[in-house]
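# Tertiary structure, described
Spelled out, the chains give:
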Amino acid sequence: MTTTKQELYDVLLGLRETYRDKVAQMESAQVLDITGTGYTNHQAEDATAVYEQTVGASTLRAAQTRLRQIDEALAKYADGTYGVCENCGQEIDIARLEAIPYTTLCLRCAETRDYQAGV
Ligand SMILES: [Zn+2]
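Residues numbered from 1 in each chain as written. Predicted model: local features only at pLDDT ≥ 70, side-chain atom pairs only at ≥ 80, totals over all residues.

## Some words on the overall build of the protein
- Of regular secondary structure, the protein possesses four helices and zero strands.
- Traced from its N-terminal end to its C-terminal end, the protein shows the element sequence α-α-α-α.
- Out of the 119 residues in the protein, the part that is buried amounts to 11%.
- Long-range pairs, those at least 24 residues apart, make up 54% of the contacts in the protein with a sequence separation of at least 6. (Helix = DSSP H or I, 4+ residues; strand = E, 2+ residues; numbered from the N terminus. Buried ≥ 20, exposed ≤ 12 C-beta atoms within 10 Å, placed from the backbone. Contact = placed C-beta atoms within 7 Å.)

## Some remarks on the nonpolar core
- Listed in full, the seven residues of the largest apolar core are L12, Y19, A63, I70, A73, Y82 and Y102.
- For this core, the secondary structure elements donating two or more residues are α1 (5-36) and α2 (43-79).
- The contacts of Y19, once residues within four sequence positions are left out, are A63, R66, L67 and I70. (Core = buried A, V, L, I, M, F, W, Y, C linked by C-beta atoms within 7 Å.)

## A few points about the confidence of the model for the protein
- Overall, the predicted model of the protein reaches an average pLDDT of 87, with 79% of residues at or above 70.
- The least confident element of the protein, judged by mean pLDDT, is α2 at 85; the most confident is helix α3 (residues 94-99) at 96. (pLDDT = per-residue confidence, 0-100.)

## Some remarks on the environment of P101
- For P101, the location among the structural elements is in the loop between α3 and α4 (107-117).
- C-alpha of P101 to C-alpha of V11: the two residues are 90 residues apart in sequence and 7.6 Å apart in space.

## Details of α4
- Sparse coverage of α4 is indicated by the burial of zero of its 11 residues.
- Positioned one or two residues after α4, G118 has a phi angle of 80 degrees, which is positive.

Below is the structure:
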């Protein structure tokens, strides 16, 4: 049985909920971290707190970026352009969408882009 775009839409809705929760949790955790930093006299503890805060910030950014990609994919679905490659205008392979439902590029264009970016 082949996955339909309707099913992928449902997957995206689920992912959006997951990432919304994740981002909200990390945002509130970060506020606590920032408030907590600098109030201990122990230097090593402070360093650890700063390190954890940095890791938290990059994880938060990654989750925010993912959430934006999911929102964009849902907007495309509403436009009727979901699953169409942004670069070449070809239909993105359904197997690729199953793996990465929020992708905006077909495999060929993604590989070309990664190659150009030096990845
Ligand atoms: Zn393409």
